[in-house]
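Chain residues, written in single-letter form:
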Amino acid sequence: MRGAFLTTLLAAASLTMAGKAAAGDAAAGRQKAMQVCAVCHGPNGVAVAPETPNLAGEPEGYLGRQLRAFRSGKRQHEVMAVIAKSLSDEDIDNLAAWFNSIKVSAAPPENL
């Protein structure tokens, strides 16, 4: 059991480090986001459309994997499939860097 946990932990650390090496350009990602993402996901990654996820503060690796999955058809969504097909690998890396760079904070409700 302990060996499996350690293997999983090392694999996760490896993926995290790999994601850092492929970091995109957040400024370029911001420009691209204003063109293709802001209508639904908001200009700062906080969704304005109902049932649309917030992207602000999400990990770069996660965002990149999801956009590539939409682009390849591995992940299905009518709108995202069309949008993702137009994105290059560089666009995806840049968008992921932009949304990851947005700082998000959360606080529990005061009355509980």
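As shown above, the structure is provided for reference.
The structure displayed is predicted, hence computed values, not measured ones.

A. Region of interest: the packing of helix α4 (residues 60–72) against helix α5 (residues 78–85). Interaxial distance between α4 and α5 falls to 7 Å at its minimum, and their mutual angle equals 95 degrees. In terms of orientation, α4 and α5 fall into the roughly perpendicular class. In this structure, α4 uses Leu67, Phe70 and Arg71 to contact α5, whose residues at the interface are Met80, Ala81, Ala84 and Lys85. When the residues that make up the contact of α4 with α5 are grouped by side-chain class, the tally is five nonpolar, no polar and two charged.

B. Quick look at the side chain of Asp91. By the secondary structure assignment, Asp91 is in helix α6 (residues 89–101). Of the residues examined, Asp91 reaches a relative accessible area of 17% and is grouped as buried. Once residues within four sequence positions are removed from consideration, Asp91 is found in contact with Lys32 and Ser86.

C. Focus on unusual backbone geometry. Positive phi values are uncommon outside glycine, yet Glu51 reaches one of about 60 degrees. Mapped onto the elements, Glu51 comes out in the loop between α3 (38–41) and α4.

D. Structural view of the environment of Gly45. Following the sequence through the fold, Gly45 ends up in the loop between α3 and α4. Judged by its relative accessible area of 0%, Gly45 is buried. In sequence terms Gly45 and Gly57 are twelve residues apart; their C-alpha atoms lie 8.1 Å from each other.

E. Spatial organisation of the pattern of salt bridges. A full pass over the atoms with the stated rule returns four salt bridges. Salt-bridge contacts for Asp91 lead to Lys32; the nearest nitrogen and oxygen are separated by 3.8 Å. Of this pair, Asp91 sits in helix α6 while Lys32 sits in helix α2 (residues 26–36), and the two are 59 residues apart along the sequence. Between Arg68 and Asp89 there is a salt bridge whose closest N-O contact spans 3.5 Å. With Arg68 in helix α4 and Asp89 in helix α6, the pair connects residues that are 21 residues apart, well separated along the chain.

Calculation criteria
- Going along each chain's sequence as written, the residues are numbered from 1 onward.
- Local features are withheld for residues below a pLDDT of 70 in this predicted model, meaning they are given only at 70 or higher, and side-chain atom pairs are given and counted only at 80 or more; totals for whole chains, interfaces and linings count all residues.
- Side-chain measures here rest on the full set of heavy atoms in the structure, leaving out hydrogens and waters.
- Angular values range over 0 to 180 degrees, each being the angle between N-to-C directions of two axes fitted as lines to C-alpha atoms, with helices fitted over their stretch in contact.
- Starting at the N terminus, helices and strands are each numbered in turn, a helix being any DSSP run of H or I of at least four residues and a strand any DSSP run of E of at least two.
- Orientation is classified from the angle alone, with under 35 degrees giving roughly parallel, over 145 giving roughly antiparallel, 65 to 115 giving roughly perpendicular, and any other angle giving oblique.
- In what follows, residue pairs with any heavy atoms lying within 4.5 Å of each other are defined as contacts.
- Amino acids are sorted into nonpolar (Ala, Val, Leu, Ile, Met, Phe, Trp, Tyr, Cys and Pro), charged (Asp, Glu, Lys and Arg) and polar (every other residue, Gly among them).
- Three labels apply to residues, based on accessible area from a 1.4 Å probe with only protein chains included: buried if under 20% of the type maximum, exposed if over 50%, partly exposed otherwise in between.
- Each salt bridge in this description consists of a side-chain nitrogen of Lys or Arg and a carboxyl oxygen of Asp or Glu lying within 4 Å of one another.

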